[in-house]
Amino acid sequence: MNDVSIIGIGKTDVSEHWETSLRHLSWYAIEAALDDAATTQVDALYVGNMLAGRLSQQDHLGALVADFAGLRGIEAVTVEAADASGGAAMRQAVLAVKSGLVETALVVGVEKVTDETGSTVTEAAATGLDADYEMAHGLTLAGAAALMMRRYMFEYGVTLADFAGFSVNAHRNGADNPLAMFRNRLKAERFTAGPAVAEPVSLFDMAPLGDGAAAVVVTGSERAKDMVPQPIRVLGSALSTDTIGLHDRQNVLWLAAAARSTAAAMAQAGVSHEEIDLFELHDSYTIMAALSLEAAGFAAPGEGWQLARDGAIEREGQIPISTCGGLKARGNPLGATGVYQIVEVAQQLRGQAGDCQVPDAKIGMAQNLATTGATAVTHVLAR
């Protein structure tokens, strides 16, 4: 099988793009990625998206985006795995190039949530939960996160204030990212004062939904050496699933899919935890950041929050996370989030992250989760 490398990256800012369509957002990111790769020749397009059918009344994004981006005629499909759609699309592109059936693949993650507002968006996002046993009873993504957070606080004797370090770190990094949705810094003492969304989850605890698109071009590593000066190798790629419903899990505080996909991707890459220089995790809620660090093996169960308290997650810490603001400050474009994570890790490994740069980053890991962790996609990248 072929080794795979990234040769092009591109992204838009995450914002409320009221006057920009889904197809235009995709095109902007694709154009930037193709320019970065210095090519216009791709064989397949994988579009990661969660809610276009519900919020924009537009399915069939593969053909739509390929046509609008000037790639009419190529193989193109949409990949959906709730808010892990972007990571899943990247996974499909890696598999396609590895197989040898596709020489160069293009991935774009795109989401447009501002075509609707308020409860319509909340209801649409909740479709990633179990429709019969969770959503039908009014559970939302924030509500599910609140259930997990409350249980975590009870099991491990921690308080809401103990999670503040995650949001403080994300906003500190987001302030240095010109494409972040929120560039304001957050003081730890303000964290617990945020308006409640679903007790104990507050506005300062959850990531804001936004519009955006990010794109990646991948090809075989041997070919990549002759195409660009800084190809980024995909050392590991793995996807795993868990039960959608929280009620079906033996332990609601253990992200089994995240643990499995991390172990598989790291085994493929042949790297240890000590060799990973940054970890772009899925901090849709601070509880998900803590649980991700534990499932990925950077902290023992019940101790993920301590990495935030002790500064280990900062850019010069033991395991930097949310280095460009994460979902919390950069913004959460749902089905596009996983591709943003890949782009941000690639920027770090290239030394192109500007004021968000992690010193001397050589190996990075990105993990995209769906809802409460029912799908987890992990990629290990190296310069």
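The structure this text deals with has already been given above.
Treat the numbers as computed from the prediction; the structure is a model and nothing was measured.

(A) Representation of the sheet that holds strand E1 (residues 4-11). Taken in spatial order, the nine strands line up as E3-E2-E4-E7-E1-E8-E11-E10-E9 in an open sheet, and their pairing is mixed. The open sheet has two free edges, formed respectively by strand E3 (75-79) and strand E9 (278-280), since each of these has just one partner strand. Here the average twist between neighbouring strands, direction ignored, is 25°. Examined bridge by bridge, E1 and strand E8 (residues 232-241) share three bridges and lie antiparallel to one another. Counterpart to valine 4 in the pairing with E8 is valine 234. Where helix H1 (residues 22-37) meets the sheet, its contacts fall on E1, strand E4 (104-111) and strand E7 (212-220), and the angle it forms with E1 comes to roughly 130°. On the sheet, helix H4 (residues 85-99) packs against E1, strand E2 (44-48), E3, E4, E7, E8, strand E10 (363-370) and strand E11 (375-382) and is oriented at approximately 160° with respect to E2.

(B) Structural context of the environment of isoleucine 232. Summarising the element assignment, isoleucine 232 is placed in strand E8. A relative accessible area of 1% places isoleucine 232 in the buried class. Sequence separation between isoleucine 232 and valine 168 is 64 residues, and the spatial gap between their C-alpha atoms is 30 Å. What isoleucine 232 contacts, discounting residues up to four positions off in sequence, is Val4, Ser5, Ile6, Ala346, Leu349, Arg350, Leu381, Ala382 and Arg383.

(C) View of the pairing of E7. Along E7, nine of the nine residues are buried, which leaves the element largely enclosed by surrounding structure. Summarising the sheet, E1 and E7 pair through seven bridges and their orientation is antiparallel. Bridge pairing in E7 links isoleucine 9 to valine 216. In the sheet, E4 pairs with E7 via eight bridges, with the strands oriented antiparallel. Bridge pairing links glycine 109 to alanine 214 in E7.

(D) Seen up close, the environment of alanine 76. If you trace the backbone, alanine 76 turns up in strand E3. Separated by 67 residues in sequence, alanine 76 and glycine 143 have C-alpha atoms that sit 35 Å apart. Setting aside chain neighbours within four positions, we find alanine 76 in contact with Leu45, Gly62, Ala63 and Ala66.

(E) View of the layout of surface pockets. The volume enclosed by the largest pocket comes to roughly 590 Å³. The wall of the largest pocket is formed by 30 residues, among which Val121, Thr122, Met206, Ala207 and Leu209 lie closest to the centre. Considered class by class, the residues forming the lining of the largest pocket number 18 nonpolar, nine polar and three charged. Of the pockets and cavities examined, the second largest pocket occupies roughly 220 Å³. Split into classes, the residues belonging to the lining of the second largest pocket amount to seven nonpolar, two polar and four charged.

(F) Local environment of the state of the cysteines. Applying the stated criterion across every chain, the model contains zero disulfides. Of the cysteine sulfurs around cysteine 324, a residue in no disulfide, the closest is that of cysteine 356, at 4.4 Å. Overall, the relative accessible area of 2% leaves cysteine 356 in the buried class.

(G) Region of interest: a nonpolar patch on the surface. Taken together, the side chains of Trp27, Tyr28 and Phe68 make up a nonpolar region of the molecular surface, amounting to roughly 260 Å² of accessible area. Within the element layout of this structure, tyrosine 28 appears in helix H1. Judged by its relative accessible area of 39%, tyrosine 28 falls in the partly exposed class.

Reading the values: the criteria
Throughout, a residue's number is its position along its own chain's written sequence, starting from 1. Local features in this predicted model are restricted to residues of pLDDT 70 or higher, and side-chain atom pairs are both shown and tallied only at a pLDDT of 80 or more, whereas totals for entire chains, interfaces and linings draw on every residue. For side-chain calculations, the full set of non-hydrogen atoms in the structure is used, while hydrogens and water are omitted. Strand pairing requires that DSSP identify at least two bridges connecting the strands. In DSSP terms, a helix is any run of H or I states spanning at least four residues, a strand is any run of E spanning at least two, and both are numbered starting from the N terminus. Helix axes use the C-alpha atoms of the stretch in contact, all axes being lines fitted to C-alpha atoms, and the angles between their N-to-C directions lie in the range 0 to 180 degrees. Contacts are assigned to residue pairs that have any heavy atoms within 4.5 Å of one another. In this scheme, a residue with accessible area under 20% of its type's maximum is buried, one over 50% is exposed, and one in between is partly exposed, where area comes from a 1.4 Å probe on protein chains only. A 1.4 Å probe that fits into a set of points on a 1 Å grid over the protein atoms alone but cannot get out defines a cavity; an open set with protein on both sides within 12 Å along at least five of seven lines defines a pocket, and lining residues are those with an atom within 4 Å of a point. Grid points are joined across faces, edges and corners, and a volume is the space filled by probe spheres set on the points. Side-chain classes follow a simple rule in which Ala, Val, Leu, Ile, Met, Phe, Trp, Tyr, Cys and Pro form the nonpolar group, Asp, Glu, Lys and Arg form the charged group, and the remainder, Gly included, forms the polar group. The disulfide criterion used throughout: a pair of cysteine sulfur atoms within 2.5 Å. Surface patches are defined over residues having more than 30% relative accessible area and no salt bridge, joining like charges when they lie within 9 Å and nonpolar side chains (Val, Leu, Ile, Met, Phe, Trp, Tyr) when within 5 Å. Residue exposure ignores everything except the shown protein chains as possible cover, and the areas themselves are Shrake-Rupley values with a 1.4 Å probe. Definition used for salt bridges: Asp or Glu carboxyl oxygen within 4 Å of a side-chain nitrogen of Lys or Arg.

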